[in-house]
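Here are the chains, one letter per residue:
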Amino acid sequence: NAGVTQTPKFQVLKTGQSMTLQCAQDMNHNSMYWYRQDPGMGLRLIYYSASEGTTDKGEVPNGYNVSRLNKREFSLRLESAAPSQTSVYFCASRRDGSSYNSPLHFGNGTRLTVT
Amino acid sequence: GQQLNQSPQSMFIQEGEDVSMNCTSSSIFNTWLWYKQDPGEGPVLLIALYKAGELTSNGRLTAQFGITRKDSFLNISASIPSDVGIYFCAGLNSPGTYKYIFGTGTRLKVLA
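Residues numbered from 1 in each chain as written. Chains lettered and ligands numbered in written order. Predicted model: local features only at pLDDT ≥ 70, side-chain atom pairs only at ≥ 80, totals over all residues. Heavy atoms only, no water.

## A word on the pattern of salt bridges
Residues and elements named next belong to chain A.
Phase 1: Taken as a whole, this structure holds five salt bridges over all chains when the rule is applied.
Phase 2: Two residues, aspartate 38 and arginine 44, come together in a salt bridge whose shortest N-O distance is 2.8 Å.
Phase 3: Owing to a relative accessible area of 15%, arginine 44 belongs among the buried residues under this scheme.
Phase 4: Here glutamate 79 ties to arginine 77 by a salt bridge, and the two come within 3.1 Å at their closest N and O atoms. (Salt bridge = Lys/Arg side-chain N within 4 Å of Asp/Glu carboxyl O. Buried < 20%, exposed > 50% of the residue type's maximum accessible area, 1.4 Å probe, protein only.)

Listed below in structure tokens is the structure:
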């Protein structure tokens with residue numbers, strides 16, 4: 001019963017390097033999300049995907065790209081990492097299609113440091 | 001971007017004490033969620049609220065959806081050391097939207 005799985009758990013990058021954060025969910029959820037968490041700022045939405053094949057910008061999309069590879073997987077790419085992207089990144093998913101606003105289910109995060 | 005005002009930011013309490021925290025917004029919400037985050041892990045859902053005035057319990061935790069729809073409250077009764085962590089509220093202000101808004105968190109420390 002894995003839920004939302006994120007890889008890697010930790011990563012250190014040098015400024016200008018690129019990398020992709022992976023996320024997969026096994027709950028057959030339709031929508032998936034990427035958030036970043038910084039001290040004192042709560043969780044901020046980077047990108048989300050309402051369904052397979054669609055992606056939309058959130059609150060802080062600059063410097064990131066996403067791919068909704070299939071229903072299970074939603075990846076986040078940093079093309080040219082900057083120190084301001086040092087953060088903890090969380091992937092989340094949600095079941096939709098119900099009459100109520102279903103809650104988000106989170107992975108355990110990727111801790112990224114950019115030097 | 002919009003964020004919810006969550007208070008207190010942090011609190012130290014003695015084991016066995018009751019704890020209260022709240023979340024307020026300038027906007028009306030139709031869904032409130034409360035999450036707990038342990039160190040090194042992702043937020044875990046505690047309670048979901050869908051109706052103004054709703055009061056819902058989960059063990060020693062009780063949360064309420066404020067009548068004005070602009071606030072929510074979380075109470076923890078008889079706190080224990082494992083209650084330590086960060087508690088987040090999250091709100092959604094219209095059906096069918098996808099963007100939950102999060103509070104900045106309440107860091108709880110329990111003294112044995």
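Moving on, there is more to tell.
## Re the packing of aromatic side chains
Phase 1: Overall, the coordinates contain ten aromatic pairs over all chains when judged by the stated rule.
Phase 2: Between the aromatic rings of phenylalanine 106 of chain A and tyrosine 35 of chain B, the centroid separation amounts to 5.4 Å while the plane-to-plane angle is 85 degrees, which identifies the pairing as edge-to-face. Of this pair, phenylalanine 106 of chain A sits in strand β10 (residues 105–106) while tyrosine 35 of chain B sits in strand β4 (residues 31–37), which puts the two residues in different chains. For the pair formed by phenylalanine 106 of chain A and tyrosine 35 of chain B, the shared burial category is buried.
Phase 3: Look at tyrosine 35 of chain B and phenylalanine 102 of chain B: their rings are 6.1 Å apart centre to centre, the planes differ by 40 degrees, and that puts the pair in the tilted class. Here the residue tyrosine 35 of chain B occupies a position in strand β4, and phenylalanine 102 of chain B occupies one in strand β10 (residues 101–102), the gap between them amounting to 67 residues.
Phase 4: By relative accessible area, phenylalanine 102 of chain B is classed as buried at 1%.
Phase 5: Three or more aromatic residues joined by ring pairs make a cluster, and in this case those are Tyr33, Tyr35, Tyr48, Phe90 and Phe106 of chain A together with Tyr35 and Phe102 of chain B. (Phe/Tyr/Trp six-rings, centres within 6.5 Å; stacked < 30°, edge-to-face > 60°. Helix = DSSP H or I, 4+ residues; strand = E, 2+ residues; numbered from the N terminus.)

## A closer look at the interface of chain B and chain A
Phase 1: Chain B puts 26 residues into the contact, and the matching count from chain A is 26 residues.
Phase 2: Among the residues of chain B in contact with chain A, Tyr98, Tyr100 and Phe102 of chain B are the three that bury the most area, contributing 32% of the side total.
Phase 3: Summed over the shared surface of chain B and chain A, the number is zero salt bridges.
Phase 4: Seen at the junction of chain B and chain A, the total is five residue pairs in polar contact (both at pLDDT 80 or more).
Phase 5: When contributions to the side of chain B that touches chain A are tallied by element, the ones reaching two or more residues are β4 and β9 (85–92) of chain B. (Contact = heavy atoms within 4.5 Å. Buried area = accessible area lost by both parts, 1.4 Å probe. Polar contact = N/O pair within 3.5 Å; in protein donor to acceptor, adjacent residues only side chain to side chain.)

## Digging into the state of the cysteines
Residue and element names in this part refer to chain A.
Phase 1: In this structure the tally under the stated criterion is two disulfides over all chains.
Phase 2: Here cysteine 23 pairs with cysteine 91 through a disulfide, and the sulfurs are 1.9 Å apart. Looking along the S-S bond of the cysteine 23-cysteine 91 disulfide, the torsion reads about -75 degrees, which is the left-handed sense. Of this pair, cysteine 23 sits in strand β3 (residues 19–25) while cysteine 91 sits in strand β9 (residues 87–94), and the two are 68 residues apart along the sequence. Here the two residues cysteine 23 and cysteine 91 agree in accessibility, since each one is buried. (Disulfide = S-S within 2.5 Å.)

## Describing the layout of surface pockets
Phase 1: Considering only enclosed or pocket space, the largest pocket measures out at about 540 Å³ in volume.
Phase 2: Gln37 and Pro39 of chain A together with Ile86, Phe88 and Arg107 of chain B are the residues nearest the centre of the largest pocket, which is lined by 27 residues in total.
Phase 3: Secondary-structure elements contributing two or more residues to the lining of the largest pocket are β4 (31–38) and β9 of chain A together with β9 and β11 (106–111) of chain B.
Phase 4: When the residues that make up the lining of the largest pocket are grouped by side-chain class, the tally is nine nonpolar, twelve polar and six charged. (1 Å grid on protein atoms, 1.4 Å probe; cavity = no way out; pocket = protein on both sides within 12 Å on 5 of 7 lines; lining within 4 Å. Points joined across faces, edges and corners; volume = space filled by probe spheres on them. Nonpolar A, V, L, I, M, F, W, Y, C, P; charged D, E, K, R; others polar.)

## Focus on the nonpolar core
Nonpolar side chains tend to gather and get buried jointly when the protein is soluble and globular.
Phase 1: Trp32, Trp34, Leu74 and Leu108 of chain B are the most contacted members of the largest nonpolar core, which totals 22 residues.
Phase 2: If sequence neighbours within four positions are ignored, leucine 74 of chain B has contacts with Val19, Ser20, Met21, Trp34, Leu46, Ile47, Leu61, Thr62, Ala63 and Tyr87 of chain B.
Phase 3: Leu13, Cys23, Trp34 and Tyr89 of chain A belong to the second largest nonpolar core, which has 20 residues in total. (Core = buried A, V, L, I, M, F, W, Y, C linked by side-chain atoms within 4.5 Å.)

## Considerations on the sheet that holds strand β1 (residues 4–7) of chain A
Residues and elements named next belong to chain A.
Phase 1: Strands sit in the order β1-β3-β8-β7 across an open sheet of four strands; the sheet is antiparallel. For this open sheet the edge positions go to β1 and β7 (64–68), each flanked by a neighbour on one side alone. Taking each pair of neighbouring strands and ignoring which way they run, the sheet shows an average axis angle of 20 degrees. (Pairing = 2+ DSSP bridges. Axes fitted to C-alpha atoms, helices over the stretch in contact; angles between N-to-C directions.)

## Description of the pairing of β9 of chain B
All names here are of chain B.
Phase 1: The element β9 is largely enclosed, with a buried count of eight among its eight residues.
Phase 2: Pairing between β9 and β11: three bridges, direction antiparallel. When the sheet's bridge partners are listed, tyrosine 87 is paired in β11 with threonine 106.
Phase 3: As paired strands, β9 and β10 are joined by two bridges and run antiparallel to one another. If you follow alanine 90 over to β10, its bridge partner there is phenylalanine 102.

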